[in-house]
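# Descriptive structure summary
These are the residues of each chain, in order.
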Amino acid sequence: MIDAQIVVIAKEPVAGRAKTRLTPPYSPAQAAQLAASALEDTLRAVAQVPVRHRVLALDGLPGSWLPPGFVVISQRHGGLDERIAGAMADAHRLHPVPVMLIGMDTPQVTPELLTSSMETLAEHDAVYGPAADGGFWLYGRRVPDPATMLGVPMSRPDTGTVLLHRLRRECRSVGLAPELVDVDTAADAALVAAEAPWSRFAAMLEAMALPATAGAER
Amino acid sequence: MIGELYTESLAGAAVEIEHVDGTRAPLEATRWREPIAGDEELLTRCAGPTLDVGSGPGRLTVALTRRGVPALGIDITPHAVHLTRRAGAQALVRDVFGHVPGSGRWATVLLADGNIGIGGDPLTLLKRVRELLRPGGWVLADVAPPGTASKVDRVRLRHGDELGEWFGWATVSAADIARLGVSAGFTCVDHWTRSGRWFARLR
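Parameters and conventions
Residues numbered from 1 in each chain as written. Chains lettered and ligands numbered in written order. Predicted model: local features only at pLDDT ≥ 70, side-chain atom pairs only at ≥ 80, totals over all residues. Heavy atoms only, no water. Helix = DSSP H or I, 4+ residues; strand = E, 2+ residues; numbered from the N terminus. Rg over C-alpha atoms; globule rule 2.2 N^0.38 Å. Buried < 20%, exposed > 50% of the residue type's maximum accessible area, 1.4 Å probe, protein only. Contact = heavy atoms within 4.5 Å. Areas by Shrake-Rupley, 256 points an atom, 1.4 Å probe, with all protein chains shown as cover. Lys, Arg positive; Asp, Glu negative; His and termini not counted. Charge placed at Lys NZ, Arg CZ, Asp CG, Glu CD. Pairing = 2+ DSSP bridges. Axes fitted to C-alpha atoms, helices over the stretch in contact; angles between N-to-C directions. Polar contact = N/O pair within 3.5 Å; in protein donor to acceptor, adjacent residues only side chain to side chain. Parallel < 35°, antiparallel > 145°, perpendicular 65-115°, else oblique. Left-handed = near helix turned anticlockwise from the far one by under 90°. Core = buried A, V, L, I, M, F, W, Y, C linked by side-chain atoms within 4.5 Å. Buried area = accessible area lost by both parts, 1.4 Å probe. Salt bridge = Lys/Arg side-chain N within 4 Å of Asp/Glu carboxyl O.

## Quick notes on the overall build of chain B
Across its full length, chain B holds 6 helices and 12 strands. For 203 residues, the compact-globule estimate of 2.2 N^0.38 gives 17 Å, and the C-alpha radius of gyration of chain B, at 16 Å, lies within 12% of that figure. Dimensions of chain B along its principal axes, counting C-alpha atoms only, are 45 × 40 × 35 Å. In chain B, buried positions account for 50% of the 203 residues. Considering only contacts in chain B between residues 6 or more positions apart, those separated by 24 or more positions represent 60%. By element, 52% of the accessible surface of chain B is carried by carbon and sulfur atoms, the whole surface being about 8,800 Å². Averaged over its 24 positive side-chain charges, chain B has a centre that lies 8 Å from the centre of its 23 negative ones.

## A short note on the environment of V143 of chain A
All names here are of chain A. Checked against the element boundaries, V143 lands in the loop between strand 6 (136–141) and helix 4 (146–149). Since its relative accessible area comes to 54%, V143 is described here as exposed. In sequence terms V143 and A89 are 54 residues apart; their C-alpha atoms lie 8.9 Å from each other.

## Side note on the sheet that holds strand 12 (residues 197–202) of chain B
All names here are of chain B. Strand order in the open sheet formed by 7 strands is 5-4-3-6-7-12-11, with mixed pairing between adjacent strands. Two strands in the sheet have a free side with no partner beyond their single neighbour: strand 5 (90–93) and strand 11 (189–194). Strand-to-strand twist of the sheet, defined as the mean angle between neighbouring strand axes without regard to direction, takes the value 20 degrees. Across 4 bridges, the pairing between strand 4 (residues 71–75) and strand 5 is parallel.

## Things to note about the side chain of Q5 of chain A
All names here are of chain A. Structurally, Q5 is set in strand 1 (residues 2–11). Within the structure, Q5 has its side chain in polar contact with the backbone oxygen of A91 (distance 3.4 Å). Every residue in contact with Q5, bar those within four places of it in the chain, is listed here: V51, H53, V55, A91, H92, H95, V97, P98, V99, M100 and M118.

## Concerning helix 5 (residues 122–132) of chain B
Turning to helix 5 of chain B, its buried residues number three or more, namely P122, L123, L125, L126, R128, V129 and L132 of chain B. Where helix 5 of chain B is buried, its residues contact strand 3 (50–53), strand 6 (106–111), strand 7 (133–143), strand 10 (167–171), helix 6 (177–183) and strand 12 of chain B.

## Observations regarding the packing of helix 1 (residues 28–47) of chain A against helix 7 (residues 200–208) of chain A
The angle between the axes and the distance between the axes are what describe a pair of packed helices. Residues and elements named next belong to chain A. Packing of helix 1 against helix 7 brings their axes to within 8 Å, and their N-to-C directions diverge by 160 degrees. Taken as axis vectors, helix 1 and helix 7 run roughly antiparallel relative to one another. Helix 1 and helix 7 meet at a crossing whose hand is right-handed. Taken together, the residues of helix 7 that come into contact with helix 1 (itself represented by Q30, Q33, L34, S37, A38, E40, D41 and R44) are R200, F201, M204, L205 and M208.

## Topic: the nonpolar core
With 62 residues, the main nonpolar core has L56 and L114 of chain A together with L126 of chain B as its most contacted residues. Once residues within four sequence positions are removed from consideration, L114 of chain A is found in contact with I6, A45, V46, V49, M100, I102, V109, W137 and L138 of chain A. Within the second largest apolar cluster, 28 residues are counted, among which are A57, I73, V99 and C171 of chain A.

## Quick look at the pairing of strand 11 of chain B
Residue and element names in this part refer to chain B. Direction of pairing for strand 11 relative to strand 12: antiparallel, over a ladder of 6 bridges. Residue pairing for strand 12: R194 is matched across the bridge by R197. A loop of 2 residues connects strand 11 with strand 12, the two strands running antiparallel in sequence, and S195 in this loop sits at a positive phi of about 55 degrees.

## Focus: the interface of chain B and chain A
With 21 residues of chain B at the interface, the matching set in chain A holds 16 residues. Interface of chain B and chain A: buried area, both sides summed, is about 1,500 Å²; carbon and sulfur atoms make up 58% of it. When residues of chain B are sorted by the area they lose upon contact with chain A, V20, V152 and R179 of chain B head the list and together hold 37% of the total. Put simply, chain B and chain A have 3 salt bridges between them. Across the pair R179 of chain B and E12 of chain A runs a salt bridge whose closest N-O atoms are separated by 2.6 Å. At the surface where chain B touches chain A, the tally comes to 7 residue pairs in polar contact (both at pLDDT 80 or more). Elements that contribute at least two residues to the side of chain B that touches chain A include exactly strand 1 (16–19), helix 5, strand 8 (151–159) and helix 6 of chain B. Tallying contributions element by element places strand 8 of chain B first for the side of chain B that touches chain A, with 5 residues.

Note that every value here comes from positions in space, so none of it alone points to a role or purpose.
This is the structure we're talking about:
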């Protein structure tokens, strides 16, 4: 049992609110179904990690996609930097143990990858997992410090670099997790599904049977 | 425990409800002892045997009983149940997710005063309440105004340095009650406003 916690920051998969950048080519209802699959894959991977606490920082309400074993908290208001910093601080107030945060856009994540990332955090002050688009998919701190995250410009090609630079300045040591593709556009979705053919996300994408060419547009 | 601090609050102590971000607000449980504007919207719609879930000091259970509507209050706080009985109504110390008498036979289940938030998982709560209702029975609930964000919080009660355990509590907006109700298996959901409160009805 790892004496730490994993926080999943997520939005309730409701049509028109979740994964809107998949529309087009997918309809808002399809985008929400893909979001629900990605979220469920993520939560089920987290549920299999031998970690003390699992927290879902949710914008919206839980649904039948929520497996047992999670404590739900609400997200704070504000930009993504404020919501991430707030979720980590709130989780740490609830359970004063190290915090590792991920989103709902990497359904290819496995319990093994999460476990090894938690082990990395146990050896460093922070752990950082870069995303292929220049952002990050995983961020952990032994003791969260909201100031590190606040003001990091989000959804930019240099988002991850800015965060990593800040971490290297503020922490004695920063461990790295492998780079992953996160699902933003339909092209990403196809890549991720190919990488994780076992996932609910891949099955849902296949069931939607979009013409092969549409996935290649960006 | 929720129970002890809630009991103190019912007696007028300055108990607060605290969120994980550290913000606090007065619980003011005594407000649930007196009639609240809009109560009539709920009471007139309780036509048959009514289960008042999270009945607290029993304001609505007692009002129904006085009108001749068979009513049972359930609450996890023994002192709240005691107050309800002392006022002449029936109440039991019960968790809605545990054994509840008359399961499958209630004409109306009340989730008043924000009690749709019980357990911090309104979908699971509504599914549970649906088991308690007789076929064609109604849930009557207070919900939050349509502009409010539906959410689940982790909260605890606090009286000075005395702290309760963290527990889940949900807020459900009127704008989300229809899709939530349908997910829980209800086929007919509507909502309305009166006296500054928002109400929902599910069947």
